[in-house]
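Tertiary structure, described
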Amino acid sequence: MSKLPTASFPITKKIWLNGRMVDWQKANVHVLSHALHYGSAVFEGIRFYETAKGPAIFRLKEHVDRLFYSAKSLEMKIPFSRSEVTKAIVRTVAINKVASGYIRPLAFFDYGKMGLNPTGGRVSLAIACWPWGSYLGGKPIRVKTSKLIRLHPDSVVADAKVSGHYVNSILASIEIKKAKFDEALFLDHRGFVAEGPGENIFFLKKGKLHTPKLGSILAGITRDAVTKIAAGLGVSTKEGNYKLKDFYSADEVFFTGTAAEVQPIGSLDLKKIGNGRSGEFTTKLRETFLAAVAGEIPKYKKWLTFAK
Ligand code: PMP
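Residues numbered from 1 in each chain as written. Predicted model: local features only at pLDDT ≥ 70, side-chain atom pairs only at ≥ 80, totals over all residues. Heavy atoms only, no water.

A few points about the packing of helix H2 (residues 60-73) against helix H3 (residues 82-96)
Our working rule: Every axis in this analysis is a line fitted to C-alpha atoms, fitted for helices over the stretch in contact. Angles between the N-to-C directions lie between 0 and 180 degrees. Numbering of helices and strands runs from the N terminus, with a helix taken as a DSSP run of H or I at least four residues long and a strand as a DSSP run of E at least two residues long. We call two directions roughly parallel when the angle between them is under 35 degrees, roughly antiparallel when it is over 145, roughly perpendicular when it lies between 65 and 115, and oblique otherwise. The crossing is said to be left-handed when, going from far helix to near helix, the turn is anticlockwise and less than a right angle, and right-handed when the turn is clockwise. Contact criterion: two residues are considered in contact whenever any of their non-hydrogen atoms come within 4.5 Å of each other. Three categories are distinguished: nonpolar for Ala, Val, Leu, Ile, Met, Phe, Trp, Tyr, Cys and Pro, charged for Asp, Glu, Lys and Arg, and polar for the others, with Gly belonging to the last.
Running from N to C, H2 and H3 cross one another at 125 degrees; their axes reach a closest spacing of 10 Å. When the interaxial angle is binned, H2 and H3 end up oblique. Crossing angle aside, the handedness with which H2 passes H3 is right-handed. Here Leu60, Val64, Asp65, Leu67 and Phe68 of H2 come into contact with H3, specifically with Arg82, Val85, Thr86, Ile89 and Val90. Split by residue class, the contact of H2 with H3 holds seven nonpolar, one polar and two charged.

Written as structure tokens, this is what we have:
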């Protein structure tokens, strides 16, 4: 095989593929794999963090559960049990000897069938990990509402993490990068604020947190963690239908996500949020989140799976 071109992110040694550890360079698929043509794949994005007891995977059970939920939405049978997938993820982190980073499990309809309905087709599962720092930088970012709306919940299973859904996110990301913003925000088909291309969104107003309710968004695992951490800090979260004006007039606005963690938003559609800096509560929440994932807060240690 010819040498792989350079990647824009650091690669590691091994990728778990269908039950075997293979060299990074050799984890390949056929160009006629179903998923490559139609997006018939499901995936997860998971982070693992450096702790005093070695690398710890954040909320592994919830991610594995969501992977199986997403697969079910496509009637895809992952040829491994939850426990096998869980162990394979831990092994992938351990074998690559990376202190912290990102894990990408991907289950996809592989080579062998070509019509649109993949039911009964061969399913493959790959698990890769690599060191990956902050996604949006952690400093307040400039966000712009996309011209595109979030996928209609009657068109797709909106809370499943299906690869094909991400064309919506890709288009919005291209649009806002061209306009020189840092990240996009989607409204849903009714005009309510939905989520970012890879993040959930919250606003703080008069000491209370608010976040769009489920329906056309991904049920973020960080969204859930942040809601619990905020409650621990004495701040409750209300889920509702919110308009852009609710966000424009908020005291603080931030994104949450596995890649983005807790990411302050400095401006939305060129309107400054608060004083444009990371708000006091967002800063506190981010610090507490980062301490929780590093294993420094006993009550949140239950969220960590150590990968020694
Ligand atoms: N929304 C979308 C569309 C996403 O891709 C993600 C990233 N998985 C999120 C929200 C945040 O979810 P989580 O906190 O589980 O990473």
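Let us keep going from here.
Here we look at the packing of aromatic side chains
Heads up, the condition is: Think of it this way: a Phe, Tyr or Trp ring, Trp meaning its six-membered ring, pairs with another when their centres are within 6.5 Å, and the plane angle makes it stacked under 30 degrees, edge-to-face over 60, tilted otherwise. Exposed residues in this analysis have more than 50% of their type's maximum accessible area, buried residues have under 20%, and partly exposed residues fall in between, with area computed by a 1.4 Å probe over protein chains only. Both a distance and an angle decide whether a charge sits over a ring: NZ of Lys or CZ of Arg must be within 6 Å of the ring centre and within 35 degrees of the ring normal.
Evaluated as defined, the whole model comprises 15 aromatic pairs. Their ring planes at 10 degrees and their centres at 5.1 Å tell us that phenylalanine 202 and phenylalanine 254 sit as a pair that is stacked. Of this pair, phenylalanine 202 sits in strand S11 (residues 200-205) while phenylalanine 254 sits in strand S14 (residues 252-257), and the two are 52 residues apart along the sequence. Phenylalanine 254 matches phenylalanine 202 in its accessibility class, with the two residues each being buried. Ring plane angle 15 degrees and centroid distance 4.8 Å describe the contact between tyrosine 300 and tryptophan 303, whose orientation is recorded as stacked. Each member of the pair, tyrosine 300 as well as tryptophan 303, is classed as buried. Through successive ring pairs, a cluster of aromatic residues spans Phe9, Trp24, Tyr102, Trp130, Trp132 and Tyr135. Of note, lysine 243 hangs over the ring of phenylalanine 192, and the distance from its end group to the ring centre comes to 5.0 Å.

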